Amino acid sequence: MEKLIITAAICGAEVTKEQNPAVPYTVEEIVREAKSAYDAGAAVVHIHVREDDGTPTQSRDRFKVCMDAVREACPDVILIPSTGGAVGMTAEERLQPTELFPEMATLDCGTCNFGDEVFENTMPMMRTFGKRMLENNIKPEYECFEMGHLDTILRMAAKGEVPGDPMQFNFVLGVPGCTPATVENLVWLVNRIPAGSTWTATGIGRSAFTLAAPTIVMGGNVRVGFEDNLNISRGVLARSNGELVEKVVRLSRELGREIASPAEARAILSLRP
Ligand code: KMH
Ligand code: ZN
């Protein structure tokens, strides 16, 4: 089995310091959290950015400052900026980090409920995102929150509307209003991805680690981080993203799977050298 790629989603757009004081807003805090995750074994950092007061932003300039600073602290880390942004942002707003030509970026695969809100990703929006990623030679991480999102993105790839083989999927399970984080649902999704694809699973909230364990055994990759989960165990706040990554490293080693370095992750994900 390939080594395990761990992604740390260090910040997100929705979580706040009121929920966990270690949630990063400033550039310095984002670097601190990225480095804690990288030092613990994360080869990939999925990044959102905020204004200093915590307001989510998709500002190209803010992404540039944050990504440059993270790269300085974690030289070979794979950065996946978000094109999802926060609920309610326009497609133009969300696309700004693609102007920085990152090696990867997220591409969200359909509209869905998101707690009390609706996360909008219409077909025309997704075509615009796909076109930009093809033009800028960016490998998407296909974010699937719902079972139907996988079929949608496979159909788009077959038509050449988004980058195709080898595809990288992230099954984000357990968002309130979307597909629940069960092993049955994960197996259903993994059984339907094209041969040669890679995949990651993200369990939201208390399913972070109960989804990580089967994912490690099934040969997938794992994402954890404050975007998805603020606790290290039931009722106990995580002190850092690094602490969440350390727990995945421990699980993986116990289950006999080694952890991929950024260089190994680049090879597994077929990224441009
Ligand atoms: N903030 C969520 C509404 C992504 O990064 O591409 C969407 C999100 C997905 O976080
Ligand atoms: Zn995100």
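Each chain carries its own residue numbering, running from 1 in the written order of its sequence. Labels are handed out in written order, letters beginning with A for the chains and numbers beginning with 1 for the ligands. Thresholds applied to this predicted model are a pLDDT of at least 70 for local features of residues and 80 or more for the giving and counting of side-chain atom pairs; totals over whole chains, interfaces and linings are not thresholded and use all residues. To obtain the side-chain values, all non-hydrogen atoms of the structure were included, while hydrogens and water were left out.

**Things to note about the site of ligand 1**
The local shell around ligand 1 consists of Glu14, His46, His48, Ser82, Gly84, Gly85, Val87, Thr106, Asp108, Phe114, Phe119 and Glu227. Within the side chain of histidine 48, a nitrogen or oxygen atom sits 3.1 Å from an oxygen atom of ligand 1. Note that an oxygen atom of ligand 1 is positioned 2.7 Å from one of the side-chain N or O atoms of threonine 106. The method behind every accessible area is Shrake-Rupley, applied with a 1.4 Å probe, and residues are considered shielded solely by the protein chains displayed. For ligand 1, the accessible surface in isolation is 300 Å², of which the surrounding protein chains cover 98%. Class assignment of the residues belonging to the shell around ligand 1 gives a composition of three nonpolar, six polar and three charged. Throughout this document, a residue counts as near a molecule or strand when at least one of its heavy atoms sits within 4 Å of that molecule or strand. Contacts described as polar in this section are N or O atom pairs within 3.5 Å, which, within protein, must combine one atom able to donate a hydrogen with one able to accept it, while residues neighboring in sequence count only if both atoms come from side chains. Charged means Asp, Glu, Lys or Arg here, nonpolar means Ala, Val, Leu, Ile, Met, Phe, Trp, Tyr, Cys or Pro, and polar covers whatever is left, Gly included.

**So, the sheet that holds strand β11 (residues 198–203)**
The rule for pairing is simple: two strands pair if DSSP sees at least two bridges between them. Secondary structure follows DSSP: runs of H or I at least 4 residues long count as helices, runs of E at least 2 residues long count as strands, and numbering of each begins at the N terminus. Strand order in the open sheet formed by eight strands is β5-β2-β1-β12-β11-β10-β9-β6, and the pairing between neighbours is parallel. Taken across any chain shown, the strands that pair with only one partner, and hence form the sheet edges, are β5 (78–81) and β6 (104–108). Strand-to-strand twist across the sheet, computed as the mean angle between neighbouring axes with direction ignored, equals 25 degrees. For strand β9 (residues 139–144) and strand β10 (residues 168–173), the ladder comprises four bridges, and the chain directions are parallel. In this analysis, axes come from line fits to C-alpha atoms, helices being fitted only over the stretch in contact, and the angle between any two N-to-C directions falls in the range 0 to 180 degrees.

**Quick word on the coordination of the zinc ion (ligand 2)**
Each pair of donors in an ideal octahedron of six around a metal sits at 90 or 180 degrees, and each pair in an ideal tetrahedron of four sits at 109.5 degrees. Bound to the zinc ion (ligand 2) are the protein donor atoms His46 (NE2), His48 (NE2) and Glu227 (OE), situated 2.1 Å from the metal. Note that water is not among the atoms considered, so a metal site may appear incomplete; the donors listed are N, O and S atoms within 2.8 Å of the metal, with 3.2 Å applied to Na, K and Ca. One chain supplies every donor for the zinc ion (ligand 2), spaced along it as H-x1-H-x178-E. Residue histidine 46 is located in strand β2 (residues 44–47), and its partner glutamate 227 is located in the loop between β12 (221–224) and β13 (231–233); the two are separated by 181 residues in the primary sequence.

**Some words on the nonpolar core**
The nonpolar side chains of soluble globular proteins are, as a tendency, buried together. With 41 residues, the main nonpolar core has Ile6, Ile47, Val70, Val245 and Val248 as its most contacted residues. The set of elements that each furnish at least two residues to this core consists of β1 (6–9), α1 (27–40), β2, α2 (60–73), α7 (208–218), β12 and α8 (241–254). The element best represented in this core is α1, accounting for six residues. Note on contacts: a residue pair qualifies if any of its non-hydrogen atoms lie within 4.5 Å across the two residues. Ignoring anything within four residues of it in the chain, the contact list for valine 248 reads Leu4, Ile6, Phe209, Ile216, Val222 and Val224. We call a set of buried residues a nonpolar core when its members are Ala, Val, Leu, Ile, Met, Phe, Trp, Tyr or Cys and they connect through side-chain atoms within 4.5 Å of each other. The rule is simple: take the accessible area with a 1.4 Å probe, protein chains only, and divide by the maximum for that residue type; under 20% is buried, over 50% is exposed, in between is partly exposed. In this structure, Phe129, Leu150, Ile193 and Leu211 belong to the second largest nonpolar core, which totals 28 residues.

**Focus on the pattern of salt bridges**
Throughout this description, the term salt bridge denotes a Lys or Arg side-chain nitrogen within 4 Å of a carboxyl oxygen of Asp or Glu. Across all of its chains, the model carries 18 salt bridges by this definition. The shortest N-O distance in the salt bridge between arginine 127 and glutamate 161 comes to 3.0 Å. Pair noted here: arginine 127 is in helix α4 (residues 123–135) and glutamate 161 is in the loop between α5 (147–158) and β10, with a separation of 34 residues, a long-range link. Judged by its relative accessible area of 35%, arginine 127 falls in the partly exposed class. Here aspartate 228 makes a salt bridge to arginine 223, at a shortest N to O gap of 2.8 Å. Residue classification places aspartate 228 among the buried positions, given a relative accessible area of 6%. Shared partners join several salt bridges into a network, and the residues in it are Glu143, Arg223, Glu227 and Asp228.

**A word on the packing of aromatic side chains**
Paired rings are identified among Phe, Tyr and Trp, the last through its six-membered ring, by centres lying within 6.5 Å, and are further divided according to the angle between planes into stacked (under 30 degrees), edge-to-face (over 60) and tilted (the rest). Throughout the structure, instances matching the rule amount to six aromatic pairs. With 5.9 Å between their ring centres and 75 degrees between their planes, phenylalanine 114 and phenylalanine 145 make a pair best called edge-to-face. With phenylalanine 114 in strand β7 (residues 112–114) and phenylalanine 145 in the loop between β9 and α5, the pair connects residues that are 31 residues apart, well separated along the chain. Here the aromatic rings of phenylalanine 171 and tryptophan 199 are separated by 6.3 Å at their centres, their planes lie at 40 degrees, and the arrangement is tilted. With phenylalanine 171 in strand β10 and tryptophan 199 in strand β11, this pair connects stretches of sequence that are 28 residues apart. Here tryptophan 199 falls in the buried class, since its relative accessible area comes to 7%. Grouping aromatic residues by their ring pairs yields a cluster made of Tyr142, Phe169, Phe171 and Trp199. By the criterion adopted, a ring carries a charge over it if an Arg CZ or a Lys NZ lies within 6 Å of its centre and within 35 degrees of its normal. Cation over ring: lysine 17 sits above tyrosine 25, and NZ or CZ is 4.6 Å from the ring centre. Over the ring of phenylalanine 209 we find lysine 247, and its NZ or CZ is 4.4 Å from the ring centre.

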